[in-house]
Amino acid sequence: MYNISVIGTGYVGLVTGACLADFGHKVICMDSNSQKIKELKDGNIPIYEPGLFEVVERNVLYQRLSFTDDISYAVKNSDVIFIAVGTPQGDDDRADMSQYICCINDIANNLDGSKIVVNKSTVPVGTGRKAQDFFDEKANGDESKKVRVVSNPEFLREGSAVYDFTHQDRVVLGGDSHEAIGVLKEIYRVLYLNETPFITTNFETAELIKYSTNSFLAMKISFINEIANLCDKVGANVQVVAKALGQDGRISPKFLHAGAGYGGSCFPKDTRALVAIGEDYNSSLNIIKTVIYTNERQKALMAEKILHEYEDIKDKKICILGLTFKPNTDDIRESPSITIIKRLIDEGAKISATDPEGIENFKSFFKGTNYENDIEFFKDEYEAIDGSYGIVIATQWNQYRMLDFNRISKVVNRKILFDLRNIYRRDDIENQGYEYIGVGQ
Ligand code: UDX
């Protein structure tokens, strides 16, 4: 059992803290946002993440998991400190490191003994080594203030983060200290016993593995989206192409679903940050630049696909099913729905929008903008569809996979379905008397 603290209670920090407590460690989750900590102490989880509530509740009950807004308390009561603060995209596409820098200063100023600091946050290549140098300088040879840094990037997906934590494809540990890496292996003993592969390497490699993984996956998506667009032109079916591609063992079937483009907190930010890192080292990442361009264009093309079907969309109500960047999350960051809705409103359309979890975040995003008054939100998808001139599936939430078209047919003004996630079969929809527009089918 290790005494651990996790700084930052976003989805990475909270999932990491709760799951490490579930592994049997004593974990303090720390966040400078006192309101968030108060909520957590009251048993409220500030993010929507399936399964997380149960893990948090169980470990609080067994007194393995606690919460604080006091960094000094967190540092002094732990031997291993995981940093999981946000490193959002800065103005120049580079990661904004202000929270991270603040965090390592806070740790250094509260040291009461030797510690291991683990970088979970996605940080630019070179950060682990810089942090190690920073702590070495501060300790100035004093062994009782010695900090050993380990880079341990996370690969959790929103919506399945708890499952992903316990079913990691690999654990990456980067750093100079074999001893500290050994401690991390012990902390992840449960995974080790389950034969999860461990990759131990230097800081730079570990940091680059994170950016390369996300960029490679983003590349697969942009690749299949470009093929989908070509399929539309030549009369091919992208789903069959993707299936055949995936059956080639060298390619793998995952991340080959054509759609409205990727969004979220990681792929857009990490691809841009990797390009910026390449620029810093005069090493141009042309493929990733194209991936970014293709993805932006894909979102825009979705709006054009819709507009193409209307002679005049002015004052016509278009229903958008799904606002989050993917199902099982309330995260709307870089969601294709944002691009699509803005473009449709710019052309005069009225939007009725629905989402099981994302409405509040979407409302706040558009609050105070010119678009705000042209979007009406509904909790129920059938209410949102009522009176519409077109239905757009923008996120593949399960409840949109089994729509009752008989019921819908009685209330729509035009029978047309834009299936931007390819969740229906063209024949099935056309047989119900609808026009069907998919992506690459
Ligand atoms: C991603 C990585 O998967 C995860 O390892 C990392 O830690 C954080 O970034 P996440 O952003 O939660 O996770 O979502 P993910 O499920 O990977 O999907 C990312 C985006 O790609 C979504 O917008 C999704 O709709 C899109 N996508 C995914 C596709 O368009 N097609 C696919 O085949 C797969």
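Residues numbered from 1 in each chain as written. Predicted model: local features only at pLDDT ≥ 70, side-chain atom pairs only at ≥ 80, totals over all residues. Heavy atoms only, no water.

S.K.: Tell me what's going on with the nonpolar core, and back it up with residues and numbers.
M.R.: Counting residues in each nonpolar core, the largest one holds 78 residues, and the members touching the most others are Leu 20, Phe 82, Ile 107 and Tyr 188. Of the residues forming this core, the biggest block, eight residues, is contributed by helix α1 (residues 11-22). If we ignore the near neighbours within four places in the chain, the residues touching Phe 82 are Ile 4, Ser 5, Val 6, Ile 7, Thr 16, Leu 20, Val 118, Lys 120, Asn 152, Leu 184, Ile 187 and Tyr 188. Of all hydrophobic cores here, the second largest spans 37 residues; its members include Ile 313, Leu 323, Leu 420 and Val 439. (Core = buried A, V, L, I, M, F, W, Y, C linked by side-chain atoms within 4.5 Å. Buried < 20%, exposed > 50% of the residue type's maximum accessible area, 1.4 Å probe, protein only. Helix = DSSP H or I, 4+ residues; strand = E, 2+ residues; numbered from the N terminus. Contact = heavy atoms within 4.5 Å.)

S.K.: Please give an account of the site of the ligand that cites residues and values.
M.R.: Phe 155, Leu 156, Glu 158, His 257 and Cys 266 are the nearest of the 18 residues found near the ligand. Contacts to the ligand include Leu 156, whose backbone N or O atom sits 2.7 Å from an oxygen atom. Here an oxygen atom of the ligand and a backbone polar atom of Glu 158 are 2.6 Å apart. For the ligand, whose free accessible area comes to 670 Å², the fraction covered by protein is 92%. At three residues, helix α10 (residues 203-234) tops the list of elements feeding residues into the shell around the ligand. Per-class residue counts for the shell around the ligand are nine nonpolar, three polar and six charged. (Near = heavy atom within 4 Å. Polar contact = N/O pair within 3.5 Å; in protein donor to acceptor, adjacent residues only side chain to side chain. Areas by Shrake-Rupley, 256 points an atom, 1.4 Å probe, with all protein chains shown as cover. Nonpolar A, V, L, I, M, F, W, Y, C, P; charged D, E, K, R; others polar.)

S.K.: Now, about the packing of aromatic side chains: what can you tell me, with residues and values included?
M.R.: Using the criterion set out here, one finds 13 aromatic pairs in the structure. Residues Phe 405 and Tyr 434 carry aromatic rings whose centres are separated by 5.1 Å and whose planes lie at 70° to one another, so their mutual orientation is edge-to-face. One end of the pair, Phe 405, is in helix α17 (residues 405-409); the other, Tyr 434, is in the loop between α18 (426-431) and β14 (435-437), and 29 residues separate them in sequence. Given a relative accessible area of 3%, Phe 405 falls into the buried group. The buried category is assigned to Tyr 434, whose relative accessible area is 3%. An aromatic cluster of three or more residues is present, and its members are Phe 362, Phe 365, Phe 366, Tyr 371 and Phe 377. A cation over a ring is seen here: Lys 316 above Tyr 389, with NZ or CZ 5.7 Å from the ring centre. The ring of Tyr 382 has Arg 407 sitting right over it, with the charged end atom 3.9 Å from the ring centre. (Phe/Tyr/Trp six-rings, centres within 6.5 Å; stacked < 30°, edge-to-face > 60°. Lys NZ or Arg CZ within 6 Å of the ring centre and 35° of its normal.)

S.K.: Kindly report on the environment of His 257, identifying the contributing residues and their values.
M.R.: Along the chain, His 257 falls in the loop between α11 (238-247) and α12 (267-280). For His 257, a relative accessible area of 65% corresponds to the exposed category. Through-space distance from the C-alpha of His 257 to that of Ile 221 is 6.9 Å; in sequence the pair is 36 residues apart. In contact with His 257, not counting residues within four places along its chain, are Ile 224 and Asn 225.

S.K.: Provide a residue-level description of helix α15 (residues 359-366), including the pertinent values.
M.R.: Taken together, the buried positions of α15 are Ile 359, Phe 362 and Phe 366. The arc that holds every buried residue of α15, seen down its axis, measures 65°, which confines them to one face. At its buried positions, α15 is contacted by α14 (336-346), β10 (350-354) and β11 (375-378). At the exit of α15 stands Gly 368, carrying a positive phi of roughly 80°. (Arc of directions from axis to C-beta.)

S.K.: Please give an account of the pattern of salt bridges that cites residues and values.
M.R.: Tallying each qualifying case throughout the model produces 28 salt bridges. Close ionic contact of Arg 157 with Asp 164 constitutes a salt bridge, the shortest N to O distance being 2.7 Å. Residue Arg 272 pairs with Glu 296 through a salt bridge whose shortest N-O separation is 3.3 Å. Of this pair, Arg 272 sits in helix α12 while Glu 296 sits in helix α13 (residues 286-307), placing them 24 residues apart in sequence. On the accessibility criterion, Glu 296 (35% relative accessible area) is partly exposed. (Salt bridge = Lys/Arg side-chain N within 4 Å of Asp/Glu carboxyl O.)

S.K.: Describe the sheet that holds strand β12 (residues 391-393), naming the residues involved and giving the relevant values.
M.R.: Strand order in the open sheet formed by six strands is β11-β10-β9-β12-β13-β14, and the pairing between neighbours is parallel. The open sheet has two edge strands, β11 and β14, and neither has a second partner. Recorded for the sheet is a direction-independent mean angle of 20° between the axes of neighbouring strands. In this structure, strand β9 (residues 317-321) lies alongside β12, joined through three bridges in parallel fashion. Its bridge partner lying in β12, Leu 321 is registered against Ile 393. (Pairing = 2+ DSSP bridges. Axes fitted to C-alpha atoms, helices over the stretch in contact; angles between N-to-C directions.)

S.K.: Quick rundown of the packing of α14 against α15? Include the residues and the values.
M.R.: The geometry of α14 relative to α15 is characterised by a closest axis approach of 12 Å and an angle of 50° between their N-to-C directions. For the element pair α14 / α15, the angle class is oblique. In the crossing of α14 with α15, the sense of the turn from one axis to the other is right-handed. Taken together, the residues of α15 that come into contact with α14 (itself represented by Ser 337, Ile 338, Ile 341 and Lys 342) are Phe 362, Phe 365 and Phe 366. The class makeup of the residues in the contact of α14 with α15 is five nonpolar, one polar and one charged. (Parallel < 35°, antiparallel > 145°, perpendicular 65-115°, else oblique. Left-handed = near helix turned anticlockwise from the far one by under 90°.)

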